[in-house]
Amino acid sequence: SNYKTDCANNDWLKPSSGYNWTLSPISSGSYGAFYVYSDGYVGKSYFVNQASGVGPTAYLNSSVKITGGSGTTGSPYTLSL
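Residues numbered from 1 in each chain as written. Predicted model: local features only at pLDDT ≥ 70, side-chain atom pairs only at ≥ 80, totals over all residues. Heavy atoms only, no water.

1. Section: the overall build of the protein
When helices and strands are counted, the protein shows zero helices and seven strands. The N-to-C order of helical and strand elements in the protein reads β-β-β-β-β-β-β. Taking the contacts inside the protein whose residues are at least 6 apart along the sequence as the reference set, 37% of them involve residues at least 24 apart. For the protein, the accessible area works out to roughly 6000 Å², and carbon and sulfur atoms hold 54% of it. (Helix = DSSP H or I, 4+ residues; strand = E, 2+ residues; numbered from the N terminus. Contact = heavy atoms within 4.5 Å. Areas by Shrake-Rupley, 256 points an atom, 1.4 Å probe, with all protein chains shown as cover.)

2. Here's the deal with the packing of aromatic side chains
Going through the model one piece at a time under the given rule, you end up with three aromatic pairs. When the centroid spacing of 5.3 Å and the interplanar angle of 55° are considered together, the rings of tyrosine 19 and tyrosine 37 count as tilted. One end of the pair, tyrosine 19, is in strand 2 (residues 19-25); the other, tyrosine 37, is in strand 3 (residues 33-37), and 18 residues separate them in sequence. Residue tyrosine 19 is classed as buried on the basis of its relative accessible area, which comes to 16%. (Phe/Tyr/Trp six-rings, centres within 6.5 Å; stacked < 30°, edge-to-face > 60°. Buried < 20%, exposed > 50% of the residue type's maximum accessible area, 1.4 Å probe, protein only.)

3. Re the pairing of strand 4 (residues 41-45)
Bridging between strand 3 and strand 4 involves four bridges; their strand directions are antiparallel. Within strand 4, the position partnered with valine 36 by the bridge is valine 42. (Pairing = 2+ DSSP bridges.)

4. Here we look at the environment of serine 27
Structurally, serine 27 can be placed in the loop between strand 2 and strand 3. Once the C-alpha coordinates of serine 27 and tyrosine 46 are considered, the two residues, 19 residues apart in sequence, prove to be 9.8 Å apart.

5. A short note on a nonpolar patch on the surface
Taken together, Leu60, Ile66, Tyr77 and Leu79 make up a surface patch of nonpolar side chains, about 430 Å² in accessible area. Here leucine 60 shows up in the loop between strand 5 (53-54) and strand 6 (65-68). (Patch = residues over 30% accessible without salt bridge, like charges linked within 9 Å, V, L, I, M, F, W, Y side chains within 5 Å. Salt bridge = Lys/Arg side-chain N within 4 Å of Asp/Glu carboxyl O.)

6. A closer look at the environment of asparagine 20
Inspection of the secondary structure assignment puts asparagine 20 in strand 2. A C-alpha to C-alpha distance of 5.5 Å links asparagine 20 and tyrosine 35, two positions 15 residues apart in sequence.

7. A word on the environment of asparagine 61
Along the polypeptide, asparagine 61 turns up in the loop between strand 5 and strand 6. Here the side chain of asparagine 61 touches serine 63 through a polar contact of 2.8 Å, landing on its backbone nitrogen. (Polar contact = N/O pair within 3.5 Å; in protein donor to acceptor, adjacent residues only side chain to side chain.)

Take a look at the structure:
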C-alpha cells in the first residue's frame, strides 16, 4: 500500500518538486513502478504512463566496486568493498 516515509524531511534522494519514478519495478516483469513525491510520499503505480523524472534509489560510496554482472534482471551487478 502507499505510505509516507518517516524520513521525508531528511531524504536527499527525493525530488525537490513533483515526483520521480524509481528504477525498481513493483514485481518481476511488471509494467508498474514505485514513485517518490517531493514531500516524501512513496507510492506505486501499476501503469507507468506519465512523463516524469527518474531518480536514483541509492548512491554507493566510492570504495564499492562492481565485481560482476551486467545490471540486468538475469545478471544483476555484484558488489564488493
